[in-house]
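Listed below are the residues making up each chain.
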Amino acid sequence: MDFQNLTREEIEKLTETSSELIWVLILYLWDENQKLKQEVKELKTRLNQNSNNSSKQPSSDGNKKPNPKSLRGKSGKQNGGQPGHKAHQLPLNENPDHMITYTIDNCEKCGHDLTDTLPMKEKIRQVLDFIAEMETTEHRVQVKVCSTCKHRNQSSFPSGVDYKTQYGNGAKSVFSYLSTQQLMPLKRLTETIHSLTGHSVSQGTILRANQELYEKLEPAEELIKQEILASPVAHFDESSVKVNGKKKWLHVACTPKLTHYTIHKNRGSKAMDTAGILPDFEGTAMRDGWKAYRKYNKCSQALCNEHHHRELVGVVENDQQDWGQEKIDLLYAIKKQKEDRILAGFDHMETEQIITFEKKYRTILDMGFAKNPAPPPPIEKKEGSVKQSKTKNLLDRLDQDQSATLKFMHDFRVPFTNNEAERTIRMIKVQQEVSGSFRSEQGPIIFSRLRGYFSTIRKQELPELKKIQEAFAGTSFISEAPSKN
């Protein structure tokens, strides 16, 4: 019976005629009380959530930003350079552009003429300065008329010199680099170029340069995709992005040496299928807890333990449950043991140590389940699963995905966190804050390909502007692509 819409008088009349209804009412009220208590708890938890104890973005903390807490723990090292660290100093340029020699004409002690005296040695100091200017190279082709047959002959302009006036690959590389890598808004970029060079560049010129580079980078993007597919471990993540005021999703697949971005209207598997990496990936996919990743079974999966750490901090701070801290300590103890084994030259952990860690993992989970039992089934059956607390959901995930959580322990190639993907995709939030949302559907598509290329050459410590110029010239961005990362 639905008591919710009955008045107090109607309930009194019903319970006067039946003791069975009284018990039904008591159970109904108990369920309602439990539901309200759970809602109050969830509201309090939500109020206490921040970027340190949940998956919330740091930008959402606002004025209630928590004091920074490192999730890595203390290293025990002092601040600053460590023992053995070499101080960085600008190297001398063996071929300076300009050279000024300061001569000595007279002895500073006795005044003797030193004009014809050869220097015993020269001491050198160099000053590096930045000079930005727009250079013009004029190309001339000759036209000659044959004196014999009167045929008009003309030499050819080099490839790429197609218009009466145009920007060269060097200038276009700077335009694309500053707009896509350094995320400069178009108006500010044109102002910067004018301030540095005195030359006015239109926003349309910058957009056309990005479009040209986008078209020329298609083979490079495909190469990056194939190299990620061949990698033993790859990282995956996604983040929302505004396009014409509508939410879309930027998906990243990456390794420490490679980056591939895909823009899509969906967050889930449709987007991942379109990207074309996860459906065929056979290595280990490092990811967060987003359920759409579960679909892909060609690969083994690993879960990010920094996400677990933040959620476990929430268990300690909001629920005051000690098992959360014990789980954090265990995960970092395994991480420390793995690092020690690697330093000792091993590529695996001892079987006995693995068994000990896994046994403790289960013991802590049992402690958590004891404090967070499954909610009782409702009196009135409804479609769908019974709503659980965030803590119970976390426990279920750590239970069902134990192998993915501890993948870093079993396979030393797998890292402890998904920080690689999170760092690689974080820039889209900066882009949205600095440059604003994309105004066209093609804009984020061009941005994704260019940014994936720029990120890749940066990760491989290649000279960025030089490699961008080579891409404009149609040259492969990398001569020997790494087959494993």
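Refer to the preceding data block for the structure.
Everything quoted here is computed from the prediction, not taken from an experiment.

### Quick word on the overall build of the chain
A count of helices and strands for the chain gives 16 helices and 7 strands. By residue count, 37% of the 485 residues in the chain fall in the buried class. Within the chain, counting contacts between residues at least 6 apart in sequence, those at least 24 apart form 62% of the total. When the accessible surface of the chain is summed, it comes to about 32,100 Å², and 51% of that surface belongs to carbon and sulfur atoms.

### Quick notes on the state of the cysteines
Applying the stated criterion across every chain, the model contains 0 disulfides. The thiol sulfur of Cys110 is not disulfide-bonded, and the nearest other cysteine sulfur, from Cys107, lies at 3.8 Å.

### Examining the sheet that holds strand β3 (residues 233-243)
The strands making up a sheet are joined through hydrogen bonds of the backbone, oriented either antiparallel or parallel. The 5 strands lie next to each other as β5-β4-β3-β6-β7, forming an open sheet whose pairing is mixed. The two strands at the open ends of the sheet, each matched to only one other strand, are β5 (259-264) and β7 (300-303). Across the sheet, the axes of successive neighbouring strands diverge by a mean angle of 25°, strand direction being ignored. Sheet topology places strand β4 (residues 246-254) next to β5; 6 bridges connect them, and they run antiparallel.

### Some remarks on helix α15 (residues 442-459)
Taking 1.5 Å of rise per residue, the 18 residues of α15 would be expected to cover 26 Å, and the 26 Å separating its terminal C-alpha atoms lies within 8% of that figure. α15 sits mainly inside the fold: 14 of its 18 residues count as buried. Phi turns positive, to about 55°, at Glu461, one or two residues after α15.

### Looking at the side chain of Lys327
Inspection of the secondary structure puts Lys327 in helix α9 (residues 323-343). Despite its burial, Lys327 pairs with no opposite charge, the nearest such side chain being Asp399 at 8.9 Å.

### Observations regarding the packing of helix α5 (residues 203-216) against helix α16 (residues 464-472)
Between α5 and α16, the shortest axis-to-axis distance is 9 Å and the interhelical angle comes to 75°. Between α5 and α16, the interaxial angle falls into the category roughly perpendicular. From α5, Ala209, Glu212, Leu213 and Lys216 reach across to α16, where they touch Ile468, Ala471 and Phe472. Its residues assigned to classes, the contact of α5 with α16 comprises 5 nonpolar, no polar and 2 charged.

### Structural notes on the packing of helix α3 (residues 169-181) against α16
Between α3 and α16, whose axes approach to 9 Å, the crossing angle comes to 115°. In this structure, α3 crosses over α16, and the sense of that crossing is right-handed. Contacts from Asn169, Gly170, Lys172, Ser173, Val174, Ser176, Tyr177 and Gln181 in α3 reach Glu464, Leu465, Ile468, Gln469 and Phe472 in α16. Of the residues that constitute the contact of α3 with α16, the class distribution is 5 nonpolar, 6 polar and 2 charged.

### Concerning the pairing of strand β6 (residues 284-287)
Burial along β6 is two-sided: the residues Thr284 and Met286 and Ala285 and Arg287 are all buried. Sheet analysis places β3 next to β6, joined by 3 bridges and oriented parallel. Opposite Val233, over in β6, you have Thr284 as the bridge partner. Direction of pairing for β6 relative to β7: parallel, over a ladder of 4 bridges. Its bridge partner being in β7, Met286 is matched across the sheet by Ala302.

### Side note on helix α6 (residues 218-229)
In this model, α6 (12 residues) spans 17 Å end to end at C-alpha, consistent with the 16 Å of a helix rising 1.5 Å per residue. Regarding α6, the residues found buried are Ala220, Glu221, Ile224, Lys225, Glu227 and Ile228. Across the axial projection of α6, the buried residues extend over an arc of 165°, all falling on one side. Elements that come into contact with the buried residues of α6 comprise β3, β4, β5, α7 (269-275) and α15.

### Overview of the pattern of salt bridges
Scanning the model with the defined rule gives 23 salt bridges in all. For Arg140, the salt bridge is made with Glu138, and the minimal N-O distance between the two is 2.5 Å. As far as the burial class goes, Arg140 and Glu138 line up, both exposed. In this structure, the salt-bridge partner of Lys459 is Glu420, at a minimum N-O distance of 3.1 Å. Note that Lys459 is positioned in helix α15 and Glu420 in helix α14 (residues 419-435), a separation of 39 residues in sequence. Just as Lys459 is buried, Glu420 falls in that class too. Three or more residues joined by partner-sharing salt bridges are found here, namely Lys172, Glu212 and Lys216.

### Quick notes on the packing of aromatic side chains
All chains considered together, the criterion is met by 6 aromatic pairs. With 5.9 Å between their ring centres and 65° between their planes, Phe236 and Phe281 make a pair best called edge-to-face. Separated by 45 residues along the polypeptide, Phe236 in strand β3 and Phe281 in the loop between α7 and β6 bring together distant segments of the chain. The burial state of Phe236 is the same as that of Phe281; both residues are buried. Ring pairs connect the aromatic residues Tyr332, Phe408 and Phe416, which therefore count as one cluster. Sitting over the ring of Trp290, Arg267 keeps its end group 3.7 Å from the ring centre. It is Arg341 that lies over the ring of Phe346; its NZ or CZ is 3.8 Å from the centre.

So, how was this worked out
- Residues numbered from 1 in each chain as written.
- Predicted model: local features only at pLDDT ≥ 70, side-chain atom pairs only at ≥ 80, totals over all residues.
- Heavy atoms only, no water.
- Helix = DSSP H or I, 4+ residues; strand = E, 2+ residues; numbered from the N terminus.
- Buried < 20%, exposed > 50% of the residue type's maximum accessible area, 1.4 Å probe, protein only.
- Contact = heavy atoms within 4.5 Å.
- Areas by Shrake-Rupley, 256 points an atom, 1.4 Å probe, with all protein chains shown as cover.
- Disulfide = S-S within 2.5 Å.
- Pairing = 2+ DSSP bridges.
- Axes fitted to C-alpha atoms, helices over the stretch in contact; angles between N-to-C directions.
- Expected span 1.5 Å × (residues − 1).
- Lys, Arg positive; Asp, Glu negative; His and termini not counted.
- Salt bridge = Lys/Arg side-chain N within 4 Å of Asp/Glu carboxyl O.
- Parallel < 35°, antiparallel > 145°, perpendicular 65-115°, else oblique.
- Nonpolar A, V, L, I, M, F, W, Y, C, P; charged D, E, K, R; others polar.
- Left-handed = near helix turned anticlockwise from the far one by under 90°.
- Arc of directions from axis to C-beta.
- Phe/Tyr/Trp six-rings, centres within 6.5 Å; stacked < 30°, edge-to-face > 60°.
- Lys NZ or Arg CZ within 6 Å of the ring centre and 35° of its normal.

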